[in-house]
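# Breakdown of the fold
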Amino acid sequence: MEGLKVSDANLVVYIHPSKAGKVSQSILRELSTLLFKYNEIFDGVVLAYDVTIQNKNAKVLPGIYPCFGVKLKAKMLLFSPKPDMLLEGKVVKLGKESLHVIVLGFSSASIAEEDIREEFRYRIKHGEEVFASTSHKRHVIKVGSMIQFLVKR
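Residues numbered from 1 in each chain as written. Predicted model: local features only at pLDDT ≥ 70, side-chain atom pairs only at ≥ 80, totals over all residues. Heavy atoms only, no water.

Quick look at the overall build of the protein chain now. A tally of helices and strands in the protein chain yields 1 helix and 12 strands. Listing each helix as α and each strand as β along the protein chain from the N terminus yields β-α-β-β-β-β-β-β-β-β-β-β-β. Taken over the C-alpha trace, the protein chain has a radius of gyration of 23 Å; the compact-globule value for 153 residues is 15 Å, which it surpasses by more than 25%. For the protein chain, the proportion of its 153 residues judged to be buried stands at 31%. Contacts in the protein chain between residues at least 24 apart in sequence constitute 57% of all its contacts with a sequence separation of at least 6. Surface exposure of the protein chain reaches about 10700 Å², of which carbon and sulfur atoms provide 53%. When the 23 positive and 16 negative side-chain charges of the protein chain are each reduced to one mean point, those points stand 8 Å apart. (Helix = DSSP H or I, 4+ residues; strand = E, 2+ residues; numbered from the N terminus. Rg over C-alpha atoms; globule rule 2.2 N^0.38 Å. Buried < 20%, exposed > 50% of the residue type's maximum accessible area, 1.4 Å probe, protein only. Contact = heavy atoms within 4.5 Å. Areas by Shrake-Rupley, 256 points an atom, 1.4 Å probe, with all protein chains shown as cover. Lys, Arg positive; Asp, Glu negative; His and termini not counted. Charge placed at Lys NZ, Arg CZ, Asp CG, Glu CD.)

Our next topic: the sheet that holds strand β11 (residues 140-141). The sheet built from 3 strands is open, its strands ordered β9-β10-β11 with antiparallel pairing. Each having just a single partner strand, β9 (120-125) and β11 make up the two edges of the open sheet. Relative to β11, strand β10 (residues 128-133) is paired through 2 bridges, and the arrangement is antiparallel. In the sheet register, F131 faces β11, and the bridge partner there is I141. (Pairing = 2+ DSSP bridges.)

The assigned domain composition of the protein chain is domain 1 (4-79) and domain 2 (85-151). Here the C-alpha centre of domain 2 lies 39 Å away from the C-alpha centre of domain 1. Residue-level contacts link 5 residues of domain 1 with 5 residues of domain 2. Our enumeration of links across domain 1 and domain 2 arrives at 0 salt bridges. By residue class, the composition of the side of domain 1 that touches domain 2 is 5 nonpolar, no polar and no charged. (Domains from an automatic or database assignment. Salt bridge = Lys/Arg side-chain N within 4 Å of Asp/Glu carboxyl O. Nonpolar A, V, L, I, M, F, W, Y, C, P; charged D, E, K, R; others polar.)

On to the packing of aromatic side chains, then. Think of a pair of aromatic rings as described by two things: how far the centres are apart, and how the planes are tilted against each other in angle. Counted according to the given criterion, the structure contains 3 aromatic pairs. With a centroid separation of 5.8 Å and 75 degrees between ring planes, the pair formed by F79 and F106 is classed as edge-to-face. Within this pair, whereas F79 is found in strand β5 (residues 67-79), its partner F106 is found in the loop between β7 (98-103) and β8 (107-112), the two being separated by 27 residues in sequence. Assessed through its relative accessible area of 30%, F106 is described here as partly exposed. Through a chain of ring-to-ring contacts, three or more aromatic side chains come together here, namely F36, F79 and F106. (Phe/Tyr/Trp six-rings, centres within 6.5 Å; stacked < 30°, edge-to-face > 60°.)

Before going further, it helps to spend a moment on the environment of V91. Inspection of the secondary structure assignment puts V91 in strand β6 (residues 86-94). Setting aside anything within four residues of it in sequence, one finds V91 in contact with L99, H100, V101, I141, K142, V143, G144, S145 and I147.

What follows covers the pattern of salt bridges. Side chains that carry opposite charge are capable of pairing whenever their charged atoms lie near each other. Overall, the coordinates contain 4 salt bridges when judged by the stated rule. The salt bridge partner of K75 is D8, with a shortest N-O separation of 3.1 Å. Of this pair, K75 sits in strand β5 while D8 sits in strand β1 (residues 4-15); the two residues are 67 residues apart in sequence, bridging distant segments of the chain. Taking relative accessible area as the criterion, K75 reaches 45% and is therefore assigned partly exposed. Of the residues examined, D8 reaches a relative accessible area of 62% and is grouped as exposed. With its nearest N and O atoms 3.2 Å apart, the salt bridge here joins E119 to R117. Residue E119 is classed as partly exposed on the basis of its relative accessible area of 22%.

Okay, structure coming up:
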């Protein structure tokens, strides 16, 4: 699936001196705040990371709030869909005017009726809402179906 990329990042994590005894735990705690949130610096949603401490020596920062900075190298797995990328997701809701899809289990997308291929028509079959193909009887989009779609914006 498109939209996933691995980026190398050089980071500095700032840690309070009271956490000096548990530096690695403090680093992981700080990095975990980046997970599953859009980050403008990385231009995407951080899904996972692999960290190596670049330098064992930390620098104490002078100022009102004394902290020390630890330099890291991290490999970040990012979800960053762009227009015209092909994504795959599971249909969770279906209506006459749109499909609602979950991508990678956490990101939602809506597909408007005008963006669904012409051959698919909204129907209610056996009490279940579906988009059924007019050219192939067995091609049906219903709740639980996995579909591929292009990103518009």
